[in-house]
Amino acid sequence: MRILIFGATSAIATEAARAWAERGESLFLVARDKKKLKALAADLKARGAAHVAVLDCAAEASKAHASLPVKASKALGGLDAALIAHGVLPDEERCRRDAAYALATLQVNFNSVVSVGTPLAAFFEAQKAGVMGIISSVAGDRGRASNATYGAAKAGVSAWASGQRARLAKSGVHVATLKPGFVDSPMTSHLKKGPLFASARKVGRGVVNAMDKRKDTSYLPGFWKPIMLAVIHLPSPIFKKLKL
Ligand SMILES: NC(=O)c1ccc[n+]([C@@H]2O[C@H](COP(=O)([O-])OP(=O)(O)OC[C@H]3O[C@@H](n4cnc5c(N)ncnc54)[C@H](OP(=O)(O)O)[C@@H]3O)[C@@H](O)[C@H]2O)c1
């Protein structure tokens, strides 16, 4: 398989890329940090990737997103799959008093997913084959006080991915929505870790499995599915009283 990864330096994406490298896939890594990209490419080559190419590109660089699928396809001799993995966890306290900051986080967590995903969807639709994995979050299932802005962006990502999946199915293209719960990664380095935290390795391998099996929506790890079912259906008067 030939796979493009946007946000390749993320801990979860890195672990997915390692799983792909170990089975000899070819990878086109896109991320904003050239140094991290170089180190990741060396790591993946050492693990057995057939071919690794890199490109630095930020989530805000929307004009550069249109050419990513063609660049990846040229570098790898075709493109079979893509994973969109980048994201930021905003300071929700700051979002409450600084709308410009809140909007900037929505730009990274939602708008740029559409900006990167739209040309990828068009590319796969034109070749009538492909798998797109899009990392959303359990946070998008119901807006919580502690992460309303992040949750809103991820709700948008989940809805957009669902719509693309329904649209592209008739072209033989699959869109996998990936919903991790708490993951021990740089994004959560400031948070106290509890029993609900999973390793980036476990979640990264879950991403690969979900894309391989062309699953529609995957909770990662799977125990989040019943948890979120309960959270979604909690009556509002109770939900408002909880410190979530
Ligand atoms: N960790 C969790 O608990 C958790 C839970 C649910 C969902 N998720 C989602 O999982 C995905 C991966 O997160 P992670 O846990 O692997 O965290 P991570 O290791 O902190 O990765 C975040 C990635 O996003 C990239 N990024 C941030 N802002 C960017 C920008 N403006 N332009 C380009 N790249 C940017 C970062 O690049 P740099 O390396 O250059 O900083 C990094 O590669 C995200 O979509 C996140 O929302 C995470």
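One can find the structure itself at the top, above this paragraph.
These figures come from a predicted structure and were not determined experimentally.

Chemist: Requested: an account of the overall build of the protein, with residues and values cited.
Modeler: Per the secondary structure count, the protein includes 10 helices and nine strands. For the protein, whose C-alpha radius of gyration is 17 Å, the value lies close to the compact-globule estimate of 18 Å for 244 residues. By its C-alpha atoms, the protein is 55 × 40 × 35 Å across when sized along the principal axes. In the protein, buried positions account for 50% of the 244 residues. If you take every contact in the protein between residues at least 6 apart in sequence, the share linking residues at least 24 apart comes to 71%. With an accessible surface of roughly 11,500 Å², the protein has 58% of that area assigned to carbon and sulfur atoms. Taken as two groups, the 36 positive and 17 negative side-chain charges of the protein have centres that lie 3 Å from each other.

Chemist: Account for the packing of aromatic side chains, naming residues and giving values.
Modeler: Taken as a whole, this structure holds four aromatic pairs when the rule is applied. Judged by centre distance (5.9 Å) and plane angle (80°), the ring pair of F123 and F124 falls under edge-to-face. A cation over a ring is seen here: R142 above F239, with NZ or CZ 3.7 Å from the ring centre. Over the aromatic face of F197 sits the side chain of K193, whose NZ or CZ is 5.3 Å from the ring centroid.

Definitions and cut-offs
- Throughout this document, residue positions are counted from 1 along each chain, in the order its sequence is written.
- Whole-chain, interface and lining totals are the exception, using all residues; otherwise, since this is a predicted model, local features are given only for residues with pLDDT of at least 70 and side-chain atom pairs are given and counted only at 80 or more.
- The side-chain figures draw on all heavy atoms in the structure; neither hydrogens nor water molecules are used.
- Runs of E in the DSSP output that reach at least two residues are strands. Runs of H or I that reach at least four are helices, and both are numbered from the N terminus.
- All radius of gyration figures rest on C-alpha atoms, and the globule criterion is 2.2 Å times the number of residues raised to 0.38.
- For every residue, the accessible area obtained with a 1.4 Å probe (protein chains only) is divided by the maximum for its type, and the residue is called buried under 20%, exposed over 50%, and partly exposed between those limits.
- Contact between two residues is taken to exist if any of their heavy atoms lie within 4.5 Å; hydrogens are not considered.
- Surface accessibility in these figures is a Shrake-Rupley result with a 1.4 Å probe; residues are shielded only by whichever protein chains are displayed.
- Neither His nor the chain termini are counted; the positive set is Lys and Arg, and the negative set is Asp and Glu.
- To locate a charge, take atom NZ for lysine, CZ for arginine, CG for aspartate or CD for glutamate.
- Two aromatic rings, drawn from Phe, Tyr or Trp (for Trp, its six-membered ring), form a pair once their centres lie within 6.5 Å of each other, and the interplanar angle then sorts them: stacked below 30 degrees, edge-to-face above 60, tilted otherwise.
- Cation placement over rings: the criterion is NZ of Lys or CZ of Arg within 6 Å of the ring centroid and within 35° of the ring normal.

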